[in-house]
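# Working through the structure, step by step
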Amino acid sequence: MSEFRPVPTTDREACQRILQYAFAPETGPVPPDPDGDWPPSLFDQRGLYDGDTLRAVCKLYFLDTTVRGAATTVGGLGAVATPPEHRGQGLAADLCRHALHEYREADVGFVTLWPFSTPFYHRLGWGTANTYRRFDLPPSALPDPSTAGQLVRLDADDWERLRQVESASAAGTALSLRRSEAWWRERTLADWDDDGVPYCYGYERDGELQGYVVYTVADDANNTLSVSNFAAVDEEARRALFAFLGHHGAQIERVTLQLPPDTDLLHRVDDPGAVDCTVEAGPMVRLTDVGHLERLDWPAENLNCTLSVSDPLLDRNDGLFRLSVSGGTAMVDPLPVADSAADATVDIATLSQLAVGTHGVDAADRLAGLEILDESVRQPLADVFRSEPVYLDEFF
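The rules behind each value
Residues numbered from 1 in each chain as written. Predicted model: local features only at pLDDT ≥ 70, side-chain atom pairs only at ≥ 80, totals over all residues. Heavy atoms only, no water. Helix = DSSP H or I, 4+ residues; strand = E, 2+ residues; numbered from the N terminus. Rg over C-alpha atoms; globule rule 2.2 N^0.38 Å. Buried < 20%, exposed > 50% of the residue type's maximum accessible area, 1.4 Å probe, protein only. Contact = heavy atoms within 4.5 Å. Areas by Shrake-Rupley, 256 points an atom, 1.4 Å probe, with all protein chains shown as cover. Lys, Arg positive; Asp, Glu negative; His and termini not counted. Charge placed at Lys NZ, Arg CZ, Asp CG, Glu CD. Pairing = 2+ DSSP bridges. Core = buried A, V, L, I, M, F, W, Y, C linked by side-chain atoms within 4.5 Å. 1 Å grid on protein atoms, 1.4 Å probe; cavity = no way out; pocket = protein on both sides within 12 Å on 5 of 7 lines; lining within 4 Å. Points joined across faces, edges and corners; volume = space filled by probe spheres on them. Nonpolar A, V, L, I, M, F, W, Y, C, P; charged D, E, K, R; others polar. Expected span 1.5 Å × (residues − 1). Domains from an automatic or database assignment. Buried area = accessible area lost by both parts, 1.4 Å probe. Phe/Tyr/Trp six-rings, centres within 6.5 Å; stacked < 30°, edge-to-face > 60°. Lys NZ or Arg CZ within 6 Å of the ring centre and 35° of its normal.

### Examining the overall build of the chain
When you go through the chain residue by residue, the secondary structure sums to ten helices and 19 strands. Rg of the C-alpha trace for the chain: 23 Å, near the compact-globule value of 21 Å for 396 residues, within the 12% margin. A buried classification covers 49% of the 396 residues belonging to the chain. Here the contacts in the chain between residues at least 6 apart in sequence split such that 70% fall between residues at least 24 apart. Just so you have it, the chain exposes about 18400 Å², and 47% of that area is on carbon and sulfur atoms. Each charge class in the chain can be summarised by its mean position, and for the 32 positive and 64 negative side chains these summaries are 1 Å apart.

Below, the structure is given as structure tokens:
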């Protein structure tokens, strides 16, 4: 039986070797860098042990965000890695199971991750939370309107101003991050991935910060400017930031941006044909417990139905549940399978997507793992599980 526990300082190098092999094998067996704090400040390092042998590792983040319009903490499961000599033994699934248990014990109802393989994590009960659009264009393609404010250079000491814009820009969007001071200093505005310390510029109007952009410039053939974070509280700020990026035409040949799926950048440029746009699957999300539905804020609608939920990883979520919603409050009661017939069947991945707002009921029925068995519950389910904007953009 493997044991899931924190990775102590004595196993730090073993942990880093596993991560290096999993995520940067092209660098060769480089000795780990002994500098830096241990344990890390932004995440909890966990390992799966067989006796004293470290067989697999992961990182547990605790992220401040919103779900169904209410502030909450969600888990961020990162850097799940198993060395090649221990692969093919189901250790990654065991690691995820243990991580979900720890999050549930910490009263965290949702766990997100950026998958190395979407099918792999879907088999473990995660569903895609949101898509995003990636744009690649020459700076000359960006519009250059006149604006009333000014662009200013910012750094990590401006994190409180940046977070105010972040929150205002993402209002009404589920899973949007509210980064802590440590995250701004050690992640967003730091060289955490060896791509260089990013630049950060903000757009001010009447002394108030209205938007910001975080980016790096690569030493490649096109001197590509890559935007990692972009936020604006209104249309003028958004246009000013696009113009600012366009003004780099003497230095760079390409700009890349990652933006929410509802962005309308193609409608802002004079020549959409100059812009390459791809839609990509983003992070995934999963409930730790069906009972966490009781903790969410729901529309003031009435629902009384029986759900048959399938969960490939957690037995407690695999079975029959009575879901009742009244006055914006839900109640979830496990039922003996023999006691009643299900009104609908749903896998845990799809139920997670319904819970955060990725899908409404019709989309979940059409595209995902929801099957309505009693048509009388379709509309009540749709009234409760309304789709909402979902966008988690920060990689971890």
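### Regarding the pairing of strand β7 (residues 131-137)
Alignment of β7 against strand β13 (residues 276-281), held across six bridges, turns out to be antiparallel. By the bridge assignment for β13, Y132 is matched with E280. As judged from the five bridges shared by β7 and strand β12 (residues 255-259), these two strands associate in the antiparallel manner. Along β12, the bridge assignment pairs R134 with Q258.

### Points about the sheet that holds strand β14 (residues 284-287)
With mixed pairing, the seven strands of this open sheet are ordered in space as β1-β2-β3-β4-β5-β14-β6. For this open sheet the edge positions go to β1 (3-6) and β6 (127-128), each flanked by a neighbour on one side alone.

### A few points about the nonpolar core
In terms of nonpolar packing, the biggest core is built from 48 residues, with F110, L293, L323, L351 and F385 touching the most fellow members. Counting residues per element, this core draws most heavily on helix α8 (residues 348-356), at five residues.

### Things to note about empty space enclosed by the protein
Tallied over the entire structure, the rule returns one cavity of 30 Å³ or more. As a volume, the largest cavity reaches approximately 50 Å³. Its residues placed into classes, the lining of the largest cavity shows eight nonpolar, no polar and no charged.

### Points about helix α6 (residues 235-246)
Relative to the 16 Å expected for twelve residues at 1.5 Å per residue, α6 spans 17 Å between its end C-alpha atoms, a close match to the ideal helical length. Those residues of α6 that sit buried are A237, A240, L241, F242, A243, F244, L245 and G246. The elements touched by buried residues of α6 are β8 (150-153), β9 (199-205), β10 (208-217), β11 (225-232), β12 and α7 (265-268).

### Topic: the domain arrangement of the chain
Domain boundaries in the chain define domain 1 (2-113), domain 2 (133-281) and domain 3 (289-384). One C-alpha centre belongs to domain 1, the other to domain 3, and the line joining them spans 30 Å. Taken together, the twelve residues of domain 1 in the interface contact 15 residues of domain 3. Roughly 1200 Å² of surface becomes buried between domain 1 and domain 3 when both sides are summed, with 56% attributable to carbon and sulfur atoms.

### Some details on the packing of aromatic side chains
Applying the stated rule across the entire model yields 16 aromatic pairs. Judged by centre distance (4.8 Å) and plane angle (40°), the ring pair of Y201 and F244 falls under tilted. Highlighted residues: Y201 in strand β9 and F244 in helix α6, separated in sequence by 43 residues. Ring-pair connections join several aromatic residues into one group, and the members of that group are F43, Y61, W183 and F396. Across the ring face of Y49, the terminal group of R5 is positioned such that the distance to the ring centre comes to 3.7 Å. One Lys or Arg, R179, reaches over the ring of W184 and ends 5.4 Å from the middle of that ring.

### Comments concerning the layout of surface pockets
By volume, the second largest pocket amounts to about 940 Å³. Lining the second largest pocket are 44 residues, and of these T173, P260, P261, D262 and Y391 sit closest to its centre. Breaking the lining of the second largest pocket down by element, the ones donating at least two residues are α3 (118-123), β6, α4 (159-169), β11, α6, β12 and α8. The greatest single-element share of the lining of the second largest pocket, amounting to five residues, is contributed by β11. Residue classes in the lining of the second largest pocket are distributed as 17 nonpolar, 19 polar and eight charged.

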